[in-house]
Amino acid sequence: MADRVRLHGVDVARGLAVVGMLFVDNRGNGEIGTQFVHAPWHGLRVADVVFPVFLLVVGVSMPFSRRGDRPRAVLTRVLKLALLGWLIVVAKYGFDSVGAGVLGHIAGAYLLCWLLLRLPRRAQVPTAAGVLAVLTVVAVLVPVPGTGRTAVDPDLSWAHWFDDLLGLDFSAEAPHSYLPSAVTVFIGVLAGRVLLEWGARGALPRMLAAAGVLLALGLVLAPLLPVNKRLWTPSFVLVTGGIGLLVLAAAIWLVDVRGVRRPFRPAEVLGLNAIVAFALSELLFRAVLRYRFQPAVDGWLTDLTSATTSAYLYAAFSVVVVWAVCQVLARRGIVVRI
């Protein structure tokens, strides 16, 4: 976002999502609270919300940027994100790995949302709603190819079929999730437009109203097609979109309207260099330290405290280390953008 219109609450919301991702990814052991572990299938936990909030904030920034008017710049960003994501996956799992992980997911969702924004503005919301409607109908009524039946379970779904078609393993970050998560980004775009038109104070009631509508629609849809992060179901898009708008509205109200910025400065620092924070966490804590350092530290902390306390302390340690690097960058005025 350009400095002349920068809303610090947006960076804070992005930073809070980064903190959530670090706690989920870098927990010391399996004894951390269930809210910091992804729901195994249907359901929603805090761990399932943090990435959709991040994607929503990606969308918020798009109306403030001129990049969208330059297709080459958009494609360059997408390729950089995908390449960096692939390199991180290789660093963690070796050259036999395929896919680009979380950053590839961001790249795919961003690109599809950008394509949606090429439509006339009056057609964008109906198109996004149509995407969710079609995905719902297909998942519920159309048999999965080769099976002759419909199913949404851990072993059989359209998502599995699509990922298998591409030769990729089924996961929450696989390409089947790019289209519905592009709608998550688009919800952020709509919020960004409201912020541009009405300003921080004027946008808040509109964002809260939109959050209520999304949550209601998602809960109504959930009995038909449950909330599921791994499938990135339309009900998941709607419910997490509503939650994301609430998080964003709260951050903007506290930081930009009420002026309570200092207590949230650490989160803002992480939000300013979110890609650096994520890449550092993945490379340092999940590729380098995970197999020897983490078990040793976890064992030591468990002996001193308890397994549950150790799980939280190690996650908090990862946040502090990543924040310290981002703080150095912030003091030098360095913001790494892709």
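## Here's the deal with the overall build of the protein chain
Right, on to step 1. Along the protein chain, the regular secondary structure elements total 12 helices and zero strands.
Right, on to step 2. Mapped from its N terminus to its C terminus, the protein chain presents α and β elements in the order α-α-α-α-α-α-α-α-α-α-α-α.
Right, on to step 3. Taken over the C-alpha trace, the protein chain has a radius of gyration of 20 Å; the compact-globule value for 338 residues is 20 Å, and the two agree within 12%.
Right, on to step 4. The proportion of buried residues among the 338 residues of the protein chain is 49%.
Right, on to step 5. Charge separation in the protein chain, taken as the distance between the mean sites of 31 positive and 19 negative side-chain charges, equals 12 Å.

## Focus: helix H4 (residues 101-116)
Right, on to step 1. Between its first and last C-alpha, H4 extends 23 Å over 16 residues, near the 22 Å set by a 1.5 Å rise per residue.
Right, on to step 2. Of all the residues in H4, the buried ones are Leu103, Gly104, His105, Ile106, Ala107, Gly108, Ala109, Tyr110, Cys113, Trp114 and Leu116.
Right, on to step 3. Those residues of H4 that are buried are in contact with helix H2 (46-61), helix H3 (71-93), helix H5 (121-141), helix H7 (178-221) and helix H10 (274-288).

## Brief notes about a nonpolar patch on the surface
Right, on to step 1. On the surface, a cluster of nonpolar side chains totalling about 430 Å² of accessible area is made up of Leu83, Trp86, Leu87 and Phe95.
Right, on to step 2. Mapped onto the secondary structure, Leu87 falls in helix H3.

## Topic: the environment of Arg262
Right, on to step 1. Structurally, the position occupied by Arg262 is in the loop between helix H8 (234-257) and helix H9 (265-272).
Right, on to step 2. Look at Arg262 and you get exposed, because its relative accessible area is 75%.
Right, on to step 3. In the structure, Arg262 is positioned 102 residues away from His160 in sequence and 46 Å away in space, judged by C-alpha atoms.

## Here we look at the packing of aromatic side chains
Right, on to step 1. Summed over the entire model, instances satisfying the criterion amount to 10 aromatic pairs.
Right, on to step 2. Ring plane angle 85° and centroid distance 6.0 Å describe the contact between Phe51 and Trp232, whose orientation is recorded as edge-to-face. Taken together, the residues Phe51 in helix H2 and Trp232 in the loop between H7 and H8 connect sequence positions 181 residues apart. Side by side, Phe51 and Trp232 carry an identical accessibility label, which is buried.
Right, on to step 3. Plain terms: the ring middles of Phe285 and Phe317 are 5.9 Å apart, the flat faces sit at 80° to each other, and that makes the pair edge-to-face.

## Side note on the nonpolar core
Right, on to step 1. Counting 86 residues, the largest nonpolar core has Val18, Phe54, Met62, Cys113, Leu195, Leu248 and Ile252 as the members making the most contacts within it.
Right, on to step 2. Counting residues per element, this core draws most heavily on H7, at 15 residues.
Right, on to step 3. Excluding residues within four positions of it along the chain, Ile252 makes contact with Gly9, Val10, Leu195, Ala200, Leu204, Met207 and Val257.

## Here we look at the pattern of salt bridges
Right, on to step 1. This structure, assessed with the given rule, holds seven salt bridges.
Right, on to step 2. Between Asp25 and Arg286 there is a salt bridge; the shortest N-O distance is 3.8 Å. Taken as a pair, Asp25 in helix H1 (residues 8-25) and Arg286 in helix H10 lie far apart in primary sequence, 261 residues in all.
Right, on to step 3. Each member of the salt-bridge network shares a partner with another, and the members are Asp25, Lys92, Glu282 and Arg286.

## Digging into the packing of H5 against H8
Right, on to step 1. Running from N to C, H5 and H8 cross one another at 140°; their axes reach a closest spacing of 9 Å. Overall, the two elements H5 and H8 adopt an arrangement that is oblique. For the pair H5 and H8, contact is made by Leu132, Leu135 and Thr136 and by Pro234, Val237 and Leu238, respectively.
Right, on to step 2. Partitioned by chemical class, the residues of the contact of H5 with H8 number five nonpolar, one polar and no charged.

About the criteria used
Throughout, residues of each chain are indexed from 1 in the direction in which the sequence is written. Totals for whole chains, interfaces and linings use every residue, but because this is a predicted model, local features are given only for residues with pLDDT of at least 70 and side-chain atom pairs only at 80 or more, for both listing and counting. Note that water and hydrogens are dropped before the side-chain values are worked out from all heavy atoms of the structure. The secondary structure listing takes helices from DSSP runs of H or I that are at least 4 residues long and strands from runs of E that are at least 2 residues long, numbered from the N terminus. Radius of gyration here uses only the C-alpha atoms, and the compact-globule reference equals 2.2 Å multiplied by the residue count raised to the power 0.38. Burial classes: relative accessible area under 20% of the type maximum marks a residue as buried, over 50% as exposed, and values in between as partly exposed (1.4 Å probe, protein chains only). Under this rule, positive means Lys or Arg and negative means Asp or Glu; His and the chain ends count for nothing. Note on charges: their place is set at NZ of Lys, CZ of Arg, CG of Asp or CD of Glu. Helix span is expected to be 1.5 Å times the residue number reduced by one. Residues count as neighbours in contact if any of their non-hydrogen atoms are within 4.5 Å of one another. Patch definition: residues above 30% relative accessible area lacking any salt bridge, with like charges linked at up to 9 Å and the nonpolar side chains Val, Leu, Ile, Met, Phe, Trp and Tyr linked at up to 5 Å. Using a 1.4 Å probe, the Shrake-Rupley method yields the accessible areas, and only the shown protein chains count as cover for residues. Any Lys or Arg side-chain nitrogen found within 4 Å of a carboxyl oxygen on Asp or Glu counts as a salt bridge. Any two rings among Phe, Tyr and Trp, with Trp reduced to its six-membered ring, count as a pair given centres within 6.5 Å; such a pair is stacked if its planes are under 30 degrees apart, edge-to-face if over 60, and tilted if neither. Among buried residues, the Ala, Val, Leu, Ile, Met, Phe, Trp, Tyr and Cys ones that are joined through side-chain atoms within 4.5 Å form a nonpolar core. Between N-to-C directions, angles span 0 to 180 degrees; the directions come from axes that are lines fitted to C-alpha atoms, helices contributing only their stretch in contact. Any angle from 65 to 115 degrees is called roughly perpendicular, while one under 35 is roughly parallel, one over 145 is roughly antiparallel, and all others are oblique. Residues are grouped as follows: Ala, Val, Leu, Ile, Met, Phe, Trp, Tyr, Cys and Pro are nonpolar; Asp, Glu, Lys and Arg are charged; every other residue, Gly included, is polar.

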